[in-house]
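# Observations on chain architecture
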Amino acid sequence: MAVADLVKTFTFYEILTGMKATITVFVQRIILRNRKAITLQYPHEKRDLPGTYRGMIALLKYDDGTEKCVGCDLCEAACPSRVITVVSAEVEGEPMKRYAREYSMDMTRCLFCGLCVDACPVDALAMTKEYEWARYNKRDLLLDKPQLLALGDRNFPEREKKLEFQHPNVAYFNIGHKNLPPKTS
Amino acid sequence: MEMLVFAGASVVKITIVMVTVLITVAILTLAERKILSWMQDRMGPMEVGPYGILQPLADGIKLFFKEDIIPAGANWLLFSLAPILSLVPAFIGFAVVPYGPNQEIELFGVTVKPFIITDINIGILYILAFTSIGAYGVILGGWASNNKYSLLGGLRAAAQVISYELNVGLAIIGVIILSGSLSMVTIAERQAGPYGLLHWNLFGGLQIIGFVVYLISAVAETNRLPFDLAEAESELVAGWMTEYSGMRFAFFFMAEYANMILVSCIASVLFLGGYNSPIPDSFVPEFLRLPESLTWISGVFWFTVKVYFFLFLFFWLRATLPRLRYDQLMKFGWKVMLPLALGNIVITSIVVYFLR
């Protein structure tokens, strides 16, 4: 055994084994051409994102163009990083209805946990698959309401029907059906 | 008049060699990145030009136009001198390398050797002497930068280059004993013969130990992986090059690659027969035999093939092996390589004494 070890040492056996491994990959890549690089040439080709990907947060609208948000402030309360600021107000002429007069998100602090999306009782918030949001100016990441709505319009072109036109169970699961069952009660 | 013709021919030869070496350096910078990435399942540079082949050009333009920074606490004179001190010795060694057969042509009544700039009778000693001066560039650059990483890198490089230069010098003594000459041209000529690679010092002279010791020490001497302790990105930022930028950094970079080419040239001349073909004469088919006046084509071709084989070996080793620890490097150099080289000298001398 000791002799075998000595022979291995003097013939650089381990080093030659390693060099064989690298040249094998080289030959497979260049001559046999049965091996591909695992590199993804990023700006030219992009990964397929999973359906649950948590990217930029967007505000949604109903299919008639009205905002979903009812200004309840629950997202602000749920946010662990104090990203969200909501200023709630009454809809003029409709005393029971409220909306968010101002809604801003400081995305420099956002950690994309999705707790605001979970907290929203009317599913007005959603997480998009957008991620290329590097900016030269930090203030560009302070998103106001039109920007958040634009994000929603851009990423979710199919809008939901209004809440009162949805079946209660369907509304709970946030699935917009084309043919809704008639409301009981 | 004769002086003028001689000087003109020399200038032309020097220009051709310099341009070839610089082009090879440019090719090597790309080839290294490409070959490494192919061996590591990556792609390497792909953006500049098709498959990134214009990357050396882009790198050169970037380094040329970059701001030239001298750190506030640096020694201005030595800081500027160090890149030149490491680049000039790297290029100066190419003067004595025979690139082709030792032919002579008549040019206006003056005999000119077209494939070697100058044939001095101590060629290999001259190369060794000048590559040692290259170590000054490294250590002065490391000291003058006024940066602890640079200083550490410079010190490491100096210790490493000195210990492994000894091994380089001892490893080639076997070849010198066999050839009986220090001239690179004579050493290459002695390896010519009708049986191709059987006349080389590596096989015919059985200088296998010398060859392996030379190869390993040459990798260490040029500060290449797995002996790049002086540069050691993961420990010392960039070693002695930490504070360098722009053209000065490019000088160091070119010096490293030129040293690689020089070392490969020496290895192919000393051990692999230089410009001599590895194929025995009787195996060459009739239609491939060149007329007497055109044998230099095959000579230059085989020399290029051998040099590029060694350059590929540099990249291959880099892709395979991790960096040695500093004490391992010193132990390996002094306790393994040095006794092997000395033993090689003793055995070669005894065999040559009794067989001649």
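The preceding data block contains the structure.
This section reports on the structure supplied with the text. (Residues numbered from 1 in each chain as written. Chains lettered and ligands numbered in written order. Predicted model: local features only at pLDDT ≥ 70, side-chain atom pairs only at ≥ 80, totals over all residues. Heavy atoms only, no water.)

The next subject is the packing of aromatic side chains. Ring pairs (aromatic) are described by centroid distance and by the angle formed between their planes. Residue and element names in this part refer to chain B. Tallying each qualifying case throughout the model produces 19 aromatic pairs over all chains. Look at F253 and Y257: their rings are 5.0 Å apart centre to centre, the planes differ by 50°, and that puts the pair in the tilted class. Here the residue F253 and the residue Y257 both occupy positions in helix α10 (residues 246–270), the gap between them amounting to 4 residues, near one helical turn. Clustering of aromatic rings is evident, with ring pairs tying together F211, Y214, F271, F309 and F310. If you follow R224 out to its NZ or CZ, it ends over the ring of Y257, 5.5 Å from the centre. (Phe/Tyr/Trp six-rings, centres within 6.5 Å; stacked < 30°, edge-to-face > 60°. Helix = DSSP H or I, 4+ residues; strand = E, 2+ residues; numbered from the N terminus. Lys NZ or Arg CZ within 6 Å of the ring centre and 35° of its normal.)

On to unusual backbone geometry. Residue and element names in this part refer to chain A. Its identity as a non-glycine residue notwithstanding, R82 has a phi of 55°, on the positive side. Overall, R82 belongs to the exposed group, its relative accessible area being 67%. Look at D123: it is not a glycine, yet its phi comes out positive at around 55°. One can find D123 in the loop between α4 (115–119) and β4 (125–127). (Buried < 20%, exposed > 50% of the residue type's maximum accessible area, 1.4 Å probe, protein only.)

All right, on to the interface of chain A and chain B then. How big an interface is tends to be reported as the loss of accessible area on association of its parts. Counting from both sides, the interface comprises 17 residues of chain A and, opposite them, 18 residues of chain B. Summed over both partners, the interface of chain A with chain B buries about 1600 Å², with 69% contributed by carbon and sulfur atoms. Considering only the side of chain A, the residues that lose the most area to chain B are M19, T22 and F26 of chain A, jointly responsible for 31% of the buried surface there. Run the count over chain A and chain B and you get 1 salt bridge. Residue R35 of chain A pairs with D41 of chain B through a salt bridge whose shortest N-O separation is 2.8 Å. Of the residues assigned to the side of chain A that touches chain B, the class counts are 9 nonpolar, 5 polar and 3 charged. (Contact = heavy atoms within 4.5 Å. Buried area = accessible area lost by both parts, 1.4 Å probe. Salt bridge = Lys/Arg side-chain N within 4 Å of Asp/Glu carboxyl O. Nonpolar A, V, L, I, M, F, W, Y, C, P; charged D, E, K, R; others polar.)

With that settled, the discussion passes to the environment of D118 of chain A. Assignment of secondary structure puts D118 of chain A in helix α4. Taking the C-alpha atoms as reference, D118 of chain A lies 10 Å from C79 of chain A; in sequence the two are 39 residues apart.

Across all of its chains, the model carries 14 salt bridges over all chains by this definition. One network of salt bridges, in which partners are shared, links E32, R224, E256 and R318 of chain B.

Turning our eyes to something else, we now look at the pairing of strand β2 (residues 84–91) of chain A. A regular strand places its side chains so that they alternate between the two faces of the sheet. Residues and elements named next belong to chain A. One ladder, built from 8 bridges, connects β2 with strand β3 (residues 94–106); its direction is antiparallel. Residue V91 lies in a different strand from β3, and its bridge partner there is E94. Counting the residues between successive antiparallel strands, the hairpin from β2 to β3 contains 2 residues, one of them, G93, with a positive phi of roughly 85°. (Pairing = 2+ DSSP bridges.)

Time to look at the nonpolar core. Ranked by size, the top nonpolar core spans 78 residues in total, and within it F94, V97, M184, Y214 and L270 of chain B carry the most contacts. If one sorts the elements of this core by residue count, α10 of chain B sits on top with 13 residues. Leave out the neighbours within four places in its chain, and F94 of chain B touches V17, V21, Y99, I117, A258, I261, L262 and C265 of chain B. Formed by 28 residues, the second largest nonpolar core is a distinct cluster that contains L59, M105, C110 and V122 of chain A. (Core = buried A, V, L, I, M, F, W, Y, C linked by side-chain atoms within 4.5 Å.)

This brings us to the side chain of Q191 of chain B. Residues and elements named next belong to chain B. Mapped onto the secondary structure, Q191 falls in the loop between α7 (184–190) and α8 (208–221). A relative accessible area of 0% means that Q191 is categorised as buried. A distance of 2.9 Å separates a polar side-chain atom of Q191 from the backbone oxygen of V269. Excluding residues within four positions of it along the chain, Q191 makes contact with H199, W200, N201, V269, L270, F271, L272, G273 and N276. (Polar contact = N/O pair within 3.5 Å; in protein donor to acceptor, adjacent residues only side chain to side chain.)

For the rest of this paragraph, the subject is the side chain of S145 of chain B. Residue and element names in this part refer to chain B. Structurally, the position occupied by S145 is in the loop between α4 (123–144) and α5 (148–171). Polar side-chain contacts of S145 include one of 2.7 Å to the backbone oxygen of G141. With near-sequence residues (within four places) excluded, S145 lies in contact with P71, A74, F79, S150, W240, E243 and Y244.

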